[in-house]
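As a plain string of letters, each chain reads:
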Amino acid sequence: MASATLAFFSSSLTPTATLSLKHKSSAPKKTLSFSNFGFLSPHSLTLSSRRPPSPLPKSSEFEPSVIEVESSEPNSEALQVVEEPPPELPKREEIFAVVMIGSRQYIVFPGRYIYTQRLKGADVNDKIILNRVLLVGTKTSTYIGKPVVPNAAVHAVVEEQGLNPKVMVFKYKKKKNYRRNIGHRQPNTRIRITGITGYQDSPAVTLDS
């Protein structure tokens, strides 16, 4: 009984396919239908053959058209850049002097600044005159003082009253538990040399050029 039921069920599931081909001059069509699936509802599948798509055009047909754009840059031949020479700075006088300030000697040049010992009573922007000029030198002559050059003077302007970098003073005594660490900053004054005058009347030693 079981074998008969299985045979009936398998026979009911066996599909029957009907393939019908219809040829038409315009568009041929193929029809494939499936039926008798037992408890399943009949389905029909229709396959239609269409013309193959037209081949893609060659890559050359899709190349973008070349558009010529005129450059807005000016022609290098038409445009001439004129370079203006930098303004000439006034040449500094080639002269130097050796001046004594306090107990130290300094070499000074017009237009430069130096740091000296603290000048008491001098404020910022004060104009001072240094009379202890030991030597004056130019490009062709030298004026040597005995000990100072007569009538020579160095003119300067006080720019700043400051302090030197800190110096550490360390004191130590062995076996006495004595240690002292002290810092000290020496006061100084920055002056800018503005000119050297009054040496022309002194006897000069001419250098061989």
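Relevant structure appears above.
Residues numbered from 1 in each chain as written. Predicted model: local features only at pLDDT ≥ 70, side-chain atom pairs only at ≥ 80, totals over all residues. Heavy atoms only, no water.

The subject of this paragraph is the overall build of the protein chain. What the protein chain contains, in helices and strands, is 2 helices and 14 strands. In the protein chain, buried positions account for 18% of the 209 residues. In the protein chain, 57% of the contacts between residues at least 6 apart in sequence involve partners at least 24 apart. Element-wise, carbon and sulfur atoms account for 56% of the exposed surface of the protein chain, whose accessible area totals about 17800 Å². (Helix = DSSP H or I, 4+ residues; strand = E, 2+ residues; numbered from the N terminus. Buried < 20%, exposed > 50% of the residue type's maximum accessible area, 1.4 Å probe, protein only. Contact = heavy atoms within 4.5 Å. Areas by Shrake-Rupley, 256 points an atom, 1.4 Å probe, with all protein chains shown as cover.)

Quick look at the pairing of strand S13 (residues 187-197) now. As judged from the 5 bridges shared by strand S6 (residues 113-117) and S13, these two strands associate in the antiparallel manner. Each bridged residue has a counterpart across the sheet, and for isoleucine 114 the counterpart in S13 is isoleucine 191. Of the strand pairs in this sheet, strand S10 (residues 153-163) and S13 are connected by 10 bridges, and their pairing is antiparallel. From the neighbouring strand, glutamate 160 faces S13, where its bridge partner is arginine 190. (Pairing = 2+ DSSP bridges.)

For the bond running from lysine 146 to proline 147, omega is 0 degrees, close enough to zero to count as cis. Looking at where proline 147 falls in the secondary structure, it is placed in the loop between strand S9 (141-144) and S10. Even without being a glycine, lysine 175 presents a positive backbone phi close to 60 degrees. Within the secondary structure, lysine 175 is located in the loop between strand S11 (167-173) and strand S12 (178-184).

Summed over the entire model, instances satisfying the criterion amount to 3 salt bridges. The partner of arginine 190 in a salt bridge is glutamate 159, and the shortest N-O contact between them spans 3.1 Å. With arginine 190 in strand S13 and glutamate 159 in strand S10, the pair connects residues that are 31 residues apart, well separated along the chain. With relative accessibility at 25%, the residue glutamate 159 sits in the partly exposed group. A salt bridge links glutamate 160 to arginine 190; the nearest nitrogen and oxygen atoms lie 3.9 Å apart. (Salt bridge = Lys/Arg side-chain N within 4 Å of Asp/Glu carboxyl O.)

This part is about the side chain of threonine 189. Considering the arrangement of structural elements, one finds threonine 189 in strand S13. In this structure threonine 189 touches Ile114, Tyr115, Thr116, Gln117, Arg118, Leu119, Val158, Glu160 and Gln161, once residues within four positions along its chain are discounted.

Keep in mind that these numbers describe shape and distance, not what the molecule does.
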